[in-house]
Amino acid sequence: MTVEQPVTDKPKIPAIELKQLRFFYQPDSWQLYLPELRLDTGEHLFVRGASGSGKTTLLNLLSGIARPVSGELYINGQPLHQLSSSKRDTLRAQQIGVVFQQLNLIPYLSVLDNTLLSAHFAGKPKADSLARARELLSRLGLPETLQQSRASALSVGQQQRVAIARALLPKPTLLIADEPTSALDSDNRDAFMRVMLAEADANGCTVIFVSHDQSLLQYFHRQLDMQKLAEGVQPC
Amino acid sequence: MLMKLARLSLWNRRGTVLMTWLSLTISIALLLGIDHLRTEAKNSFTSTVSGTDLIVGARSGQLNLLLYSVFRIGNATANISWDSYQRLTRHPQVSWSIPVSLGDSHRGYRVMGTSTAYFEHYRYANAQPLALAQGEQFNGVFETVLGAEVAAKLGYQLGEQIVLSHGVGAVSFSQHKDKPFTVVGILAPTGTPVDQTVHVSLEAIEAIHLDWQQGAPMPGRQLSVEQVLAQDLTPKSITAAMVGLKSRMATFTVQRQINEFKAEPLTAILPGVALAELWQMLSMVENLLLLISVMVLLAALVGMMTTLLASMKERQREMAILRATGAHPWYLFVLIQLEVLLITVLAMLTAVLLLSGSLFLLQDSLAASYGLFIGLNVIKLTTLYWAAGIILLAMLLAVIPAVSAYRKALADGLTVRL
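Reading guide: rules and limits
Residues numbered from 1 in each chain as written. Chains lettered and ligands numbered in written order. Predicted model: local features only at pLDDT ≥ 70, side-chain atom pairs only at ≥ 80, totals over all residues. Helix = DSSP H or I, 4+ residues; strand = E, 2+ residues; numbered from the N terminus. Rg over C-alpha atoms; globule rule 2.2 N^0.38 Å. Buried ≥ 20, exposed ≤ 12 C-beta atoms within 10 Å, placed from the backbone. Contact = placed C-beta atoms within 7 Å. Axes fitted to C-alpha atoms, helices over the stretch in contact; angles between N-to-C directions. Parallel < 35°, antiparallel > 145°, perpendicular 65-115°, else oblique. Left-handed = near helix turned anticlockwise from the far one by under 90°. Nonpolar A, V, L, I, M, F, W, Y, C, P; charged D, E, K, R; others polar. Pairing = 2+ DSSP bridges. pLDDT = per-residue confidence, 0-100. Core = buried A, V, L, I, M, F, W, Y, C linked by C-beta atoms within 7 Å. Arc of directions from axis to C-beta.

The secondary structure content of chain B amounts to 13 helices and 17 strands. Against the 2.2 N^0.38 benchmark of 22 Å for 418 residues, chain B shows a C-alpha radius of gyration of 30 Å, more extended than a compact globule. On the principal axes, the C-alpha backbone points of chain B span a range of 100 × 45 × 35 Å. Buried residues in chain B amount to 41% of all 418 residues. In chain B, 78% of the contacts between residues at least 6 apart in sequence involve partners at least 24 apart.

The helix and strand tally for chain A stands at seven helices and nine strands. Relative to the compact-globule value of 18 Å for 236 residues, chain A shows a C-alpha radius of gyration of 18 Å, a close match. With respect to the principal axes defined by its C-alpha atoms, chain A has extents near 50 × 40 × 35 Å. By the burial criterion, 42% of the 236 residues in chain A qualify as buried. A separation of at least 24 residues holds for 77% of the contacts in chain A among residues at least 6 apart in sequence.

A word on the packing of helix H2 (residues 14-48) of chain B against helix H10 (residues 271-314) of chain B. All names here are of chain B. Packing of H2 against H10 brings their axes to within 9 Å, and their N-to-C directions diverge by 165°. Accordingly, the angle class assigned to the pair H2 and H10 is roughly antiparallel. Of the two possible hands of crossing, H2 and H10 adopt the one that is left-handed. When its residues are assigned to classes, the contact of H2 with H10 shows 15 nonpolar, nine polar and four charged.

With that out of the way, let us pick up the sheet that holds strand S2 (residues 31-39) of chain A. All names here are of chain A. Within the open sheet, the four strands sit side by side as S2-S1-S4-S5. Their pairing is antiparallel. Strands at the two margins of the open sheet, each flanked by one partner only, are S2 and strand S5 (78-79). Summarising the sheet, strand S1 (residues 16-24) and strand S4 (residues 70-75) pair through five bridges and their orientation is antiparallel. In the strand pairing of S4, Leu 18 is matched with Leu 73. Contacting S1, S2 and S4, helix H1 (residues 55-62) crosses the sheet at an angle of about 125° to S1.

Here we come to the interface of chain B and chain A. Chain B puts 17 residues into the contact, and the matching count from chain A is 23 residues. When contributions to the side of chain B that touches chain A are tallied by element, the ones reaching two or more residues are helix H1 (2-12) and helix H11 (316-325) of chain B. Split into classes, the residues belonging to the side of chain B that touches chain A amount to seven nonpolar, seven polar and three charged.

With that settled, the discussion passes to the confidence of the model for chain B. Per-residue confidence for chain B averages 87 on the pLDDT scale, and 94% of its residues sit at or above 70. Predicted as a complex, the structure gets a pTM of 0.75 and an ipTM equal to 0.81.

Moving on: the sheet that holds strand S7 (residues 174-178) of chain A. Residues and elements named next belong to chain A. With respect to topology, five strands assemble into an open sheet ordered S6-S7-S8-S3-S9, the strand pairing being parallel. Single-partner strands in this sheet number two, and they are strand S6 (96-99) and strand S9 (222-225). On average, each strand axis in the sheet is inclined to that of its neighbour by 15°, with strand direction left out of account.

With that out of the way, let us pick up the environment of A:Pro35. Here A:Pro35 is to be found in strand S2. For A:Pro35 and A:Lys19, which are 16 residues apart along the polypeptide, the C-alpha to C-alpha distance reads 5.6 Å.

Residues and elements named next belong to chain B. Of all eight residues making up helix H7 (residues 202-209), seven are buried, and the element is well covered by its neighbours. Three or more residues of H7 are buried, namely Leu 202, Glu 203, Ala 204, Ile 205, Glu 206, Ala 207 and Ile 208. Its buried side turned inward, H7 meets strand S3 (94-106), strand S4 (109-114), strand S12 (197-201), helix H8 (225-230) and strand S15 (237-238).

By size, the foremost hydrophobic cluster in this structure holds 106 residues, and its most contacted members are A:Ala165, A:Leu174, A:Leu175, A:Ile176, B:Ile28, B:Leu332 and B:Ile336. It is helix H12 (residues 329-370) of chain B that contributes the most residues to this core, 12 residues altogether. Discounting residues that sit within four places of it in the chain, A:Leu175 has contacts with A:Gly97, A:Ala167, A:Leu168, A:Ala200, A:Cys205, A:Thr206 and A:Val207. Counting residues in hydrophobic clusters, the runner-up holds 65 residues, among them B:Ile80, B:Leu130, B:Leu202 and B:Phe373.

All names here are of chain B. Here Asn 259 shows up in helix H9 (residues 251-259). In the structure, Asn 259 is positioned 10 residues away from Ile 269 in sequence and 9.1 Å away in space, judged by C-alpha atoms. Beyond its immediate stretch of four places on either side in the chain, Asn 259 contacts Leu 266, Thr 267 and Ala 268.

All right, on to the pairing of strand S16 (residues 240-245) of chain B then. All names here are of chain B. Counting buried positions along S16 gives five out of six residues, so the element sits mostly inside the fold. With four bridges joining them, strand S1 (residues 54-58) and S16 adopt antiparallel strand pairing. In the strand pairing of S16, Val 56 is matched with Ala 241. Two strands pair when backbone bridges link them, and S3 and S16 are joined in this way by six bridges, in the antiparallel orientation. Note on S16: the bridge partner recorded for Pro 99 is Ala 241.

So, on to the environment of A:Leu224. Residue and element names in this part refer to chain A. For Leu 224, the position within the fold is in strand S9. Separated by 179 residues in sequence, Leu 224 and Leu 45 have C-alpha atoms that sit 7.1 Å apart. Apart from the residues within four sequence positions on either side, Leu 224 is in contact with Leu 37, Leu 45 and Val 47.

Our focus in this paragraph is H1(B). Residues and elements named next belong to chain B. Within the span of H1, buried status applies to Leu 5, Ala 6, Ser 9 and Leu 10. Along the axis of H1, the buried positions cluster into a sector of 120°, meaning they face one direction only. When the buried face of H1 is taken as reference, the exposed residues oriented beyond 90 degrees from it are Met 3 and Trp 11.

The next subject is the confidence of the model for chain A. When pLDDT is averaged along chain A, the result is 82; 90% of the residues meet or exceed 70. Across residues 230-236 of chain A, where pLDDT falls below 50, the model places 17 contacts with residues more than four positions away in sequence or in other chains.

Structure follows, in structure tokens:
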């Protein structure tokens, strides 16, 4: 696969690179337009925007669920805008971890099985994943006794931590979090942020964190303000 | 993991799944049951008469004659006089004949008066002769040979004394109490109405009715066993006769001669032809029943599909999580199909159990009231065809919710609109 190497001062491949990215559902409705964004491996980006500002669409694009209408989008040098839907699914399974606002877990599976799902879809052997899953969960404050219980038995804070473990299990290069703290109180929120970013750093993972909560900005290296993309993003 | 997901997801929705499973079980059991009954009934009927060329009875429809003479279903309209029967046996083409005299019973089992020719010439299934499991043929007037089931169900041994009842009901108020019979033989099982028959000689039938008139004992004219035996016990009439001919070629000629017999209105039938007519008559009912059960199955499958389709809404979150974690839309499609497969196969297994169970419970009463011997083994080649067809149909219908899951997965992306 030939990858266009951007001319930069650093020779390594960026985690995310997008150019002239444009997306719309219908040509006459609102559009998402991002002229340029480049994120190096290990960088943490805070994306701020109110609902309707297009951040969910951005996440769909970055995770390969939606496909840009025009422009270029590279994840680890792979041209996502050129890959087929099934290749994008594989890429997501192997390289991207996703954490939602809440209800991240499948209620009828155990905590451990929920975590193992990501490794299953990434096609990693179960034996290797099992030990790593247990270790990740323990580090995130979910002891072995909790790992066998049903996901629905956990508190929201615990569920969000399981979601991080699941997202990080297949060693993704990119972690996408969509307002994962919105259901947490402030104590839990700070603990969650610290644990998430520490684990991401430990795994060498790039983080894209979406939230409208300005107070979380302190945890991040960079920020992208969706509202400032006024010319491109028109609320629906 | 896929299997675990399907299994646990079904368990998570066990309320609706249970109902779906139940309706599928019932409809599959119905379908397999009707299919089983019709093939078994055919087998049972066909194996009952073998080697008999003609059945002769009083003038009636051929089905009626066939049913009452061989299958003990219904009753004779009239009898054949002993003279006519004697003339029949003297016909040059007739090789052997078995007289049949019906009308009495013993605790719900029919009593058949016949001659020893019965043990010699009667054939069932693939031309198998009757065999005695114990004892011997009847010789004396008050001796009886029991069918296998009569002996087994009522627990009779050789040498035991039994009393016959007048009429064919299970409970009879007029019994031939004064003239008990001794069990001298028990037949080996045949899987035909023979198993449920109490066999006595024609003379015995005559003997127990000597002091009766118009179906009731004549008051003041009770005859003792000794008095009866002293009398002439030549029967005055019989119910029907099974006839074997010297040459099969003559069958139609002899049949015509009997049907045109001047002295008495008689009917002769070919068992095979009569059975064919029976099938033809039943085939419409049979097909209708089958059609209805297929429709019931279809309704149950559509019901399952509806339930699945309705559950897609509450499972949107589940699907989105799987999708975000890296599942291809195809994975979700296969997941739904697998769930359908699990429910259907499970329902099929319980249906077979349900069917076998009900057959086990109903077998005796079916045999007793209709002379139908229905085997318990419902699994045969056609069952496998049905099973394959049902699974195929279920999977085909499951394409609708599965495609819905697939398309929703593509359209919704990572967001879930709750």
